[in-house]
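Residues per chain, in single letters:
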2 protein chains.
Amino acid sequence: MEGEPTLRLRIFNLNCWAIRYLSKRRQQRVRLIGDTLRQEGFDLVLLQEVWSEQDYDELKVKLAGSYPFSHYFRSGVIGSGLCVFSRFPILDTFLYQYSLNGYPYMLQHGDWFCGKSVGSRAGVRAPLLSLSLQLHAEYCRDKDAYLPHRLVQAWELAQFIRHTSKAADVVLLGGDLNMHPEDVGIRLLRGWTGLQDAFADAMHFEGCKNGCTLVPDNCFTDKSELLSFPLGIRIDYILYKAISSFTVKCEELKTTTGRAPGTDIPFSDHEAVMATLHIQRQGQPAGATLGTADPALADVVTEARAEVGAGLRAARRQRYSSGRMAVLALLLLLLQAAAALATLAGLGAEQPFPKLSFCLLAFLALGVLVLATGLHLFHTMEVKMLHGTEDQMWMVLRALQERP
Amino acid sequence: MEGEPTLRLRIFNLNCWAIRYLSKRRQQRVRLIGDTLRQEGFDLVLLQEVWSEQDYDELKVKLAGSYPFSHYFRSGVIGSGLCVFSRFPILDTFLYQYSLNGYPYMLQHGDWFCGKSVGSRAGVRAPLLSLSLQLHAEYCRDKDAYLPHRLVQAWELAQFIRHTSKAADVVLLGGDLNMHPEDVGIRLLRGWTGLQDAFADAMHFEGCKNGCTLVPDNCFTDKSELLSFPLGIRIDYILYKAISSFTVKCEELKTTTGRAPGTDIPFSDHEAVMATLHIQRQGQPAGATLGTADPALADVVTEARAEVGAGLRAARRQRYSSGRMAVLALLLLLLQAAAALATLAGLGAEQPFPKLSFCLLAFLALGVLVLATGLHLFHTMEVKMLHGTEDQMWMVLRALQERP
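Residues numbered from 1 in each chain as written. Chains lettered and ligands numbered in written order. Predicted model: local features only at pLDDT ≥ 70, side-chain atom pairs only at ≥ 80, totals over all residues. Heavy atoms only, no water.

## What about the domain arrangement of chain A?
Residue and element names in this part refer to chain A. Domains assigned within chain A are domain 1 (7-281) and domain 2 (295-402). At the junction of the two partners, domain 1 supplies 20 residues and domain 2 supplies 19 residues. With both sides pooled, the region where domain 1 packs onto domain 2 buries about 1,700 Å², and carbon together with sulfur makes up 78% of that total. Where domain 1 touches domain 2, the interface holds one salt bridge. Between Glu303 and Arg187 there is a salt bridge, with the nearest N and O atoms lying 3.1 Å from each other. Remark: the boundary between domain 1 and domain 2 carries four residue pairs in polar contact (both at pLDDT 80 or more). Of all the elements, helix α4 (residues 147-164) adds the most residues to the side of domain 1 that touches domain 2, at eight residues. (Domains from an automatic or database assignment. Contact = heavy atoms within 4.5 Å. Buried area = accessible area lost by both parts, 1.4 Å probe. Salt bridge = Lys/Arg side-chain N within 4 Å of Asp/Glu carboxyl O. Polar contact = N/O pair within 3.5 Å; in protein donor to acceptor, adjacent residues only side chain to side chain. Helix = DSSP H or I, 4+ residues; strand = E, 2+ residues; numbered from the N terminus.)

Right, here's the structure in full:
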């Protein structure tokens, strides 16, 4: 950005909900998204839930003229679903996979299989770190079993930003954070990184009320998610911050309003978020902007740490009960082996040996043993990661308290 | 380091081989390591393979006086085994888990269960980024099935260092890289990050010939690993680089020589590596030191990319064959279900139905189905990660070739 006093950057962010065979009118919507992006000519497009590489390839071909640089982040069984299109060169990419991301056995909640991650790219003429990401979904707000996992992800995301952003001039984050603006995870992320919310800071706003991105007017939105929030919820964000001698201002923020401009169907079950940012070089470096030393930050970290601690206790209980189940199955197998040996040795030969039920029981015990051992290993990893995060948070809390 | 012209930093690095129940004379060796570290008073101690938290706690208590700051990195089922002791405050920690780390079903090669990772800590008075790590073990040099995984790890490690080191003055890396100095993974790591090898640059060296860290004189070393290398091999390293306006020089490098100083048993099956570094402030910033634009770098990345490509093809074959196995098992189950239904419908009632063998076969088919599906999912993830790494390497190669 040398010699250029102001850069105006237009950003487009959308959770595309493009799951093959499952998402309604997927191909039509992907075409529509591609057409709109080509016409509008943004500078940077951050997309989530583009689960099929075929859809990405289609978009890439269509957008080659206006967005010559793009990247698709591969991870997990299905993929990360994250991709980026840019008018400016992408110099480098980096994918960080969260250490915890739901449970493989919760098949109906597919998060584990997606390898949720944060894709980071550096480039756009000046050192600009932009991140595209999606955090673990919230399936039930009242009894949210995934809150500790989402908090670990928010924490790892914040740590990732703190550790990778230092050479950047500006950090940009667009994604489906699956958290309401006042949730502890968002407060943790924003407090610990100093990221600003484009919606809160926009000089001009146009779109759904309160910047909501899951709204009842969208025909694809699952209405059961909005039962407690009839006006909609805001879970898709564009966040930003200036690092070195720059200032960033959000000139304008827009969301779609239940349908794509000029048509009658929406882009996705989420609304798109579009921001126009003004990036300006300041005379003097802004100084240490990493980590707001705000006294409220210690409270947020304490609150998040308590939630992670609750998750840790739950994971320890699950580890214990799956371990106990494995031991019981093993005991049953040993008992059966003893019975079989006794029969072979000629004991109880006067009674017929119940071969079929013996085999059924043995296979059942073996199945339970394998499953319970797998669960035990998985919950052991979960305990390690939650414990590690709790430790890191404690270290940060101690440092915050020692600061003058 | 403001106002201080030179800092002399003494570093100790050791793969401790402290596996409960498996490693020989573990407790005695951990006590010995603790006593030596307390007497010697290093500035920074990087340990690997401290698998039991109990051993870490014992060391922590013993070293509390001379190394008031420490951290244990938790990950995977067993743990990362990584820990750090420091005379200077640890300001922040960050754990990065490699996306690929062996196969869960290779139980005899325990890498997958350890959650191999790189633990990074920032601190030591000045912004110093120090890393402690271990890469995937090499089990058979001639037919090294894990080479692509180790290359992905070396690449991710290099990317991690490039992305997180920019705010540091000095980067220090100590660990068991499980690679010989001339291996492609080491050349990739060093070429792409600009890290210098303390052994190659040391003004004074004392220890095993060629800096070897697996030597025949060590009574715990597995002699079969040294069949092709009777003089020993060097796989434990201390690497470093200066980032901003600093210079780093290695004044002295030492290794133990098959036994710990003053006793008759070694610390571990690996030799310890001890470096004395001189860190000095320069008048002027050294400029862009990230990524040596060396033309040889493109060759190294090309070579590594070819190996990753070979791994990708092997992973695709395994994904295909496990998928085919799952389909066959499913077909067998369906056939059995059809046979059972036919019998229930009264067909073939003149012959007795072979219940026992029917059950056995059904359970076998079910077992194969579950196993093959699991393998298929695992190899799908492997393909994604290898493909993603190949892509990243390609992007870097393009950028290297476009550079003047």
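Don't stop here, the text continues.
## A closer look at helix α7 (residues 295-344) of chain A
Relative to the 74 Å expected for 50 residues at 1.5 Å per residue, α7(A) spans 74 Å between its end C-alpha atoms, a close match to the ideal helical length. Positive phi appears at Gly346(A), one or two residues downstream of α7(A), with a value of about 95°. (Expected span 1.5 Å × (residues − 1).)

## Section: the relation of the copies chain B and chain A
Between chain B and chain A, which share one sequence, the superposing operator has a rotation angle of 180° and an axial displacement of 0.1 Å; the RMSD is 0.1 Å. Expressed as a symmetry operation, the mapping of one chain copy onto the other fits a two-fold axis. Residues of chain B ranked by C-alpha distance from the rotation axis are headed by Thr164(B), positioned 2.3 Å from it. The share of interface residues of chain B whose copies in chain A are also at the interface is 100%, consistent with both copies meeting through the same surface. (Least-squares fit on C-alpha atoms with pLDDT ≥ 70 in both.)

## Some remarks on the UniProt feature "transmembrane region" (unreviewed entry) in chain A
Sequence positions flagged by UniProt for "transmembrane region" (unreviewed entry) are, in local numbering, residues 326-349 and 355-378 of chain A. With 100% helix and 0% strand, the stretch residues 355-378 of chain A has end C-alpha atoms that lie 35 Å from each other. (UniProt positions renumbered as here; feature names shortened; annotations may be inferred.)

## Let's talk about the pattern of salt bridges
Summed over the entire model, instances satisfying the criterion amount to 16 salt bridges over all chains. Among the ionic pairs, Arg8(B) bridges to Glu251(B), the shortest N-O distance being 3.4 Å. On the criterion of sequence distance, the pair formed by Arg8(B) in strand β1 (residues 6-18) and Glu251(B) in strand β12 (residues 246-255) is long-range, its members being 243 residues apart. Judged by its relative accessible area of 25%, Glu251(B) is partly exposed. Through salt bridges that share partners, Asp35(A), Arg38(A) and Lys62(A) make up one connected network. (Buried < 20%, exposed > 50% of the residue type's maximum accessible area, 1.4 Å probe, protein only.)

## Quick look at the packing of aromatic side chains
What the rule picks out here adds up to 15 aromatic pairs over all chains. With 5.0 Å between their ring centres and 35° between their planes, Tyr56(A) and Tyr72(A) make a pair best called tilted. Here Tyr72(A) lies in strand β3 (residues 69-72) and Tyr56(A) lies in helix α2 (residues 53-63), a separation of 16 residues in the sequence. Of the two residues, Tyr56(A) and Tyr72(A), neither departs from the other in class, the shared state being buried. Considering the side-chain rings of Trp17(B) and Phe220(B), the 5.5 Å spacing of their centres and the 50° angle between planes classify their relative orientation as tilted. With Trp17(B) in strand β1 and Phe220(B) in the loop between β10 (204-206) and β11 (236-242), the pair connects residues that are 203 residues apart, well separated along the chain. This pair shows no difference in class: Trp17(B) is buried, exactly as Phe220(B) is. One aromatic cluster is present, built from ring pairs that chain together Phe12(A), Phe42(A) and Phe267(A). The residue whose ring lies beneath Arg10(A) is Phe42(A), and the NZ or CZ to ring-centre distance is 4.6 Å. The ring of Phe220(A) has Arg29(A) sitting right over it, with the charged end atom 5.4 Å from the ring centre. (Phe/Tyr/Trp six-rings, centres within 6.5 Å; stacked < 30°, edge-to-face > 60°. Lys NZ or Arg CZ within 6 Å of the ring centre and 35° of its normal.)

## Some remarks on the sheet that holds strand β2 (residues 44-50) of chain A
Sheet strands pair via backbone hydrogen bonds, and the direction of the pair is either parallel or antiparallel. Residues and elements named next belong to chain A. Read from one edge to the other, the open sheet built from seven strands follows the order β3-β4-β2-β1-β13-β12-β10, with strand pairing classed as mixed. Each edge of the open sheet is held by one strand with a lone partner, namely β3 and β10 (204-206). When the angles between neighbouring strand axes are averaged without regard to direction, this sheet yields 20°. Note: strand β1 (residues 6-18) against β2, six bridges, orientation parallel. Residue Phe12 lies in a different strand from β2, and its bridge partner there is Val45. (Pairing = 2+ DSSP bridges. Axes fitted to C-alpha atoms, helices over the stretch in contact; angles between N-to-C directions.)

## Some thoughts on empty space enclosed by the protein
Applying the stated rule across the entire model yields four cavities of 30 Å³ or more. The calculated volume of the largest cavity comes to roughly 170 Å³. Broken down by secondary-structure element, the contributors of at least two residues to the lining of the largest cavity are β5 (90-97), α4 and α8 (355-402) of chain A together with β3 (69-72) and β5 (90-97) of chain B. If you tally residues by element for the lining of the largest cavity, the top one is α8(A), at four residues. Looking at the lining of the largest cavity, its residues break down into seven nonpolar, eight polar and two charged. (1 Å grid on protein atoms, 1.4 Å probe; cavity = no way out; pocket = protein on both sides within 12 Å on 5 of 7 lines; lining within 4 Å. Points joined across faces, edges and corners; volume = space filled by probe spheres on them. Nonpolar A, V, L, I, M, F, W, Y, C, P; charged D, E, K, R; others polar.)

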